[in-house]
Amino acid sequence: MTQEAEKNQRKTREIDYLKIARILFSHWYLVAATILLGLLLAYFYLWYTPKTYTTSAVLKFEEKKTELSDLVSAMSNSGRGPVNLQSEKFIIQSRDLLLSAIRSLDYKISFYIAGRVRSYDLYPNKPVQVSILKFDTAHPFLGLITFKPIDKKTFMLTWNAGENEIQRNFQYHEPVNIENMGFMIKYPGPLNANISYQFKFNTPESLLDRVRNGLRTNEIVKNSNIVTIQQTDSNPQFAADILNAVMNEYLNYDRDQKTQSATQMIRFINDQQQYLSSAVKGSESSLEKYKQNSGILDVSSSANMALSKVTELESQRSLLKMQLMAIEQLKKQITNDKHNVSLNFNLEGVVDPLLGVLIGNMNNLLADKNVMLKTYNSGSETIAALNDQIAQVKTAALQNISSSNQRIRKNMDYLDSQLSRANQQVNALPAAEKNMISLRRDFEINEKVYSFLSEKKLEAQINRSAILPGATIIEQAQVNKVPVSPNGREIYRTATIFGLLAGVGIILSARVFNPYIYDKESVEHATTVPVIGIIRKFPDQIDEDNSQILALSKPRSLFAESVRSVRTNLNFLASGKKSKIISITSEVAGEGKSFVALNLSSTLALIDKKVILIGADLRRPKLHHAFGLPNTTGLSNYLVHQSTVKDIIQQTAYKNLDFISSGPIPPNPAELLHHERIALLLDELRTKYEVIMVDTAPIGLVSDSIPLICQSDINLFIIRYGKSKHSAATIPEGLAREYGLNNMAIVLNAFEENLLQSSYYKNSSNHGTFHYYADYNGYKSSGYYEDDAPVKWWNVKNWLRS
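Residues numbered from 1 in each chain as written. Predicted model: local features only at pLDDT ≥ 70, side-chain atom pairs only at ≥ 80, totals over all residues. Heavy atoms only, no water.

J.: I'd like to hear about the overall build of the chain, residue by residue, with values.
T.: A tally of helices and strands in the chain yields 25 helices and 21 strands. Here the chain holds 802 residues, and the buried ones make up 44% of them. If you take every contact in the chain between residues at least 6 apart in sequence, the share linking residues at least 24 apart comes to 79%. Here the chain displays about 42,300 Å² of accessible surface, and carbon together with sulfur accounts for 51% of that area. (Helix = DSSP H or I, 4+ residues; strand = E, 2+ residues; numbered from the N terminus. Buried < 20%, exposed > 50% of the residue type's maximum accessible area, 1.4 Å probe, protein only. Contact = heavy atoms within 4.5 Å. Areas by Shrake-Rupley, 256 points an atom, 1.4 Å probe, with all protein chains shown as cover.)

J.: Please set out the pairing of strand β18 (residues 657–660) residue by residue, giving values where relevant.
T.: Of the two faces of β18, the one holding L657 and F659 and the one holding D658 and I660 are both buried throughout. Sheet topology note: the strand β16 (residues 611–615)/β18 ladder contains four bridges and is parallel. From the neighbouring strand, I614 faces β18, where its bridge partner is I660. Where strand β17 (residues 649–651) and β18 come together, three bridges link them in antiparallel fashion. Its bridge partner lying in β18, I649 is registered against I660. (Pairing = 2+ DSSP bridges.)

J.: Explain the environment of N363 to me, and be specific about the residues and the numbers.
T.: If you trace the backbone, N363 turns up in helix α10 (residues 353–372). The sequence separation of N363 and I334 amounts to 29 residues, and the corresponding C-alpha distance is 9.8 Å.

J.: Can you lay out the side chain of T54 for me, pointing to particular residues and giving the numbers?
T.: Among the structural elements, T54 can be located in strand β1 (residues 53–61). A polar side-chain atom of T54 sits 2.9 Å from a polar atom in the side chain of T232. Residues in contact with T54, not counting those within four places in the same chain, are Q230, Q231, T232, N480 and V484. (Polar contact = N/O pair within 3.5 Å; in protein donor to acceptor, adjacent residues only side chain to side chain.)

J.: Break down the packing of helix α6 (residues 95–103) against helix α7 (residues 204–214) for me, citing the residues and quoting the values.
T.: With their axes 9 Å apart at the nearest point, α6 and α7 run at an angle of 110° to one another. On the basis of their axis angle, the class for α6 and α7 is roughly perpendicular. The crossing of α6 and α7 is right-handed. Seen from α6, the contacting residues are R95, L98, L99, I102 and R103; seen from α7, they are P204, E205, L207, L208, V211 and R212. Looking at the contact of α6 with α7 residue by residue, the classes come out as seven nonpolar, no polar and four charged. (Axes fitted to C-alpha atoms, helices over the stretch in contact; angles between N-to-C directions. Parallel < 35°, antiparallel > 145°, perpendicular 65-115°, else oblique. Left-handed = near helix turned anticlockwise from the far one by under 90°. Nonpolar A, V, L, I, M, F, W, Y, C, P; charged D, E, K, R; others polar.)

J.: Describe empty space enclosed by the protein, with residues and values.
T.: Going through the model one piece at a time under the given rule, you end up with one cavity of 30 Å³ or more. In this structure, the largest cavity occupies an estimated 110 Å³ of space. Looking at the largest cavity, it is lined by 13 residues, and the ones nearest its centre are D106, I109, S110, D121 and Y123. Among the secondary structure elements, those contributing two or more residues to the lining of the largest cavity are β2 (109–114) and α7. For the lining of the largest cavity, the residue count by class is seven nonpolar, two polar and four charged. (1 Å grid on protein atoms, 1.4 Å probe; cavity = no way out; pocket = protein on both sides within 12 Å on 5 of 7 lines; lining within 4 Å. Points joined across faces, edges and corners; volume = space filled by probe spheres on them.)

Written out as structure tokens, the structure reads:
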């Protein structure tokens, strides 16, 4: 047969999706088991894994900018808005602020309920009242202590000291010392003896990681000034309390930072007032003494005018001098890269308004630099670019300060020239009035400057008290008792999906990694050799020797009907010959060739065919056991000229069926079967029998059966379901090509319903010569066979078939 002919004989396989559904549902219980296992694992995971809760709050940052500051920001292209928000978020998560927030809570002792697997935090509840007597902050004992009540006076504590577990009994209301900790426990009243309570001492630092790891800040909208803050913790009440404490501490911190400028101004004014206070008192005392000694109670009107003018000029000069001092301090702060640079005096109208904007920008840049240094190295390009911006702003600020300094000095020079003229007028007065004016001048100048400073101090104090934080709490954190992790619904859903996929995967793996033949389609599409029939597997136990010929003992069984189907198809093979030699072989032992030969021979004898069965497996003879006949004389005796044909033929208990056993095992079975006497035996038997059934040795193990196969009219190759490998289906075609045979046929033996391994392709014939056969699937309940089985309501396979 040419390759083109073989190609034309084959039919393209089409996937039968209904069969795929049957395959999957055939082992529905396996899928159900994997889903149930997945759900159980999910349940234990949820039971074992601590739940975590998330609470959130909303914080709005205030943005107050003047047109001038907006213009300066646009000119400098600094884009400080988003970066400032990042700085504030960094401050919220800073160590000092979080420690302050922890200290505002009742943090010193944590209580737990000890479970079999893990402990449960009881915050804010305290089942046992513990009073701390001694606490070593340098080396605190932070281990878990288990509390177990014994009676109304005594309790037991258990704790670990290194690798050792220590248990001791103590009295209520008496000091307890554990390492460097001292405390006292009061009688808590009746407690549940089945619950084990635990407690531990805390420091703010011991809770810092817990708070910091659960704290998250995110902008609600990108580049907006509204931020949502989240806290995740295993205790929902603790999460809400610590988040509210963090926000309150941030507002306090921000308020303190904003009041720093006013505080510095008040401190500067206090220093100046302290000096002027003593000066005013000294001037007043000197003036009174002079009046008493000189007897002058007042001065003339011209002297008063000169005095008023000098006093006014001196007061203005003193204020300019203080402004110079404030500017010099500001310059010193900028030069030293001091953070939170601020004006220590009200210089409105004196310095350029741009200086305030420059100072604000420099403060922002310095704060940003501190934030960036947490992520980048000091020599990185990002820090270098930030340093360049700081240097530019600093240079502009120093230039602005220098200009203001020059302007103030020019004003002072002008006042000095005016004072010189006024002093000349004073010098022209009489000596007594001149001295009187000099004393009053010092007194009034100091008093006027002091009053001015008092007004500025009061103004700064009012401004400081009116300062509000730069953020507003929009939403306080609320206790959220719905856990965010683990997500029970999601985990159960995932477990169900994985269980389903695992069950289907096991089914697919069983098919993919299965090396054995379980469906006729695999055989039909692996070879061009025709399959002439399928023999069902007998449902009952079969003895080792096949002492019952099942096709005869169970004539109304599915098995017997399947054997008769093969018998019918044999009539179409070599139909032109009156006497047929049928050789039966297989790849390996155990595939049922002898069993098939025995049952085919018996069914052929039932239709009045004269049949002889030859046991030609000279290496492992066992066919004689089925008939209960001896094996002392048989085929091997004939081949070595020890017996005649008549001597080796044995009559069986069945009509029309004779038998030739294999005989004693020879040392050279392959050579004997190649002997010319085998052909003489077959020729002689043709004259006496219509069917000569030859049970040969396995072709895959030895070559003994080749001579018999080459002389046979029909060669049946047995493939056993669940026993023969897929490679066995290609052997008959290989034999046909190698020895030029056109009489090969395949019989599938021991077939049983196995939807798991069945084909998922549509049934189709792939041969030019068609032989009718069936696998009798779904006919067990037809009522025609004695081995019918009732349909069970829970059997999904029967539902699918129906």
